[in-house]
Each structure stands twice: as structure tokens, then as C-alpha cells.
Amino acid sequence: MKPPTKRLSDLKGGSAPTGTYAPPTPKVSRQKRAKVLTPAERAAFLASRPDLKPPK
């Protein structure tokens, strides 16, 4: 008779040590920050895109 198969959760080790600082990877460093639109910019954008309906 075969022993029961183990679940993936049983195979995982402990959590990684926290508190160690690692600099961001190059891919993370290249990401641009999102720009938050002002209400006027948002209105102008939605006016130029009739296919997008503003939330009610």
C-alpha cells in the first residue's frame, strides 16, 4: 500500500527572514509611478473617450 501523498502546504518551509534589506531588482526600478489625474484632467479625458462611461 502506498503512503498518502503530501499536500503542497506541507512541503513549504518556514517564512523567509524579514528585516534584511535588498535593493529593488532592475525591473522594479524601471517601473514608472502612476500619475493621479486631477478632476479637470479626468473630465477632459472622459470627454475625449465617449466609449468610457463615468461611474454613476
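Nothing here was measured: the structure is a model prediction, and the numbers come from that model.

1. Some points on the pattern of salt bridges
Overall, the coordinates contain 2 salt bridges when judged by the stated rule. Two residues, Glu 41 and Lys 35, come together in a salt bridge whose shortest N-O distance is 3.1 Å. Residues Asp 51 and Arg 49 are paired through a salt bridge, measuring 2.8 Å at the closest nitrogen-oxygen approach. Overall, the relative accessible area of 32% leaves Arg 49 in the partly exposed class.

2. A few points about the confidence of the model for the protein chain
Do not read the predicted coordinates in detail wherever pLDDT is low. On average, residues of the protein chain carry a pLDDT of 77, and 70% of them reach 70 or more. Summarising per-element confidence for the protein chain, the mean pLDDT is lowest in helix 1 (residues 8-11) (62) and highest in helix 3 (residues 39-48) (93).

3. Looking at a nonpolar patch on the surface
A grouping of Leu 37, Phe 45 and Leu 52 is seen on the molecular surface, where their side chains present a nonpolar patch of about 240 Å² in accessible area. When you line up the elements, Phe 45 lands in helix 3.

Parameters and conventions
Residues numbered from 1 in each chain as written. Predicted model: local features only at pLDDT ≥ 70, side-chain atom pairs only at ≥ 80, totals over all residues. Heavy atoms only, no water. Salt bridge = Lys/Arg side-chain N within 4 Å of Asp/Glu carboxyl O. Buried < 20%, exposed > 50% of the residue type's maximum accessible area, 1.4 Å probe, protein only. pLDDT = per-residue confidence, 0-100. Helix = DSSP H or I, 4+ residues; strand = E, 2+ residues; numbered from the N terminus. Patch = residues over 30% accessible without salt bridge, like charges linked within 9 Å, V, L, I, M, F, W, Y side chains within 5 Å. Areas by Shrake-Rupley, 256 points an atom, 1.4 Å probe, with all protein chains shown as cover.

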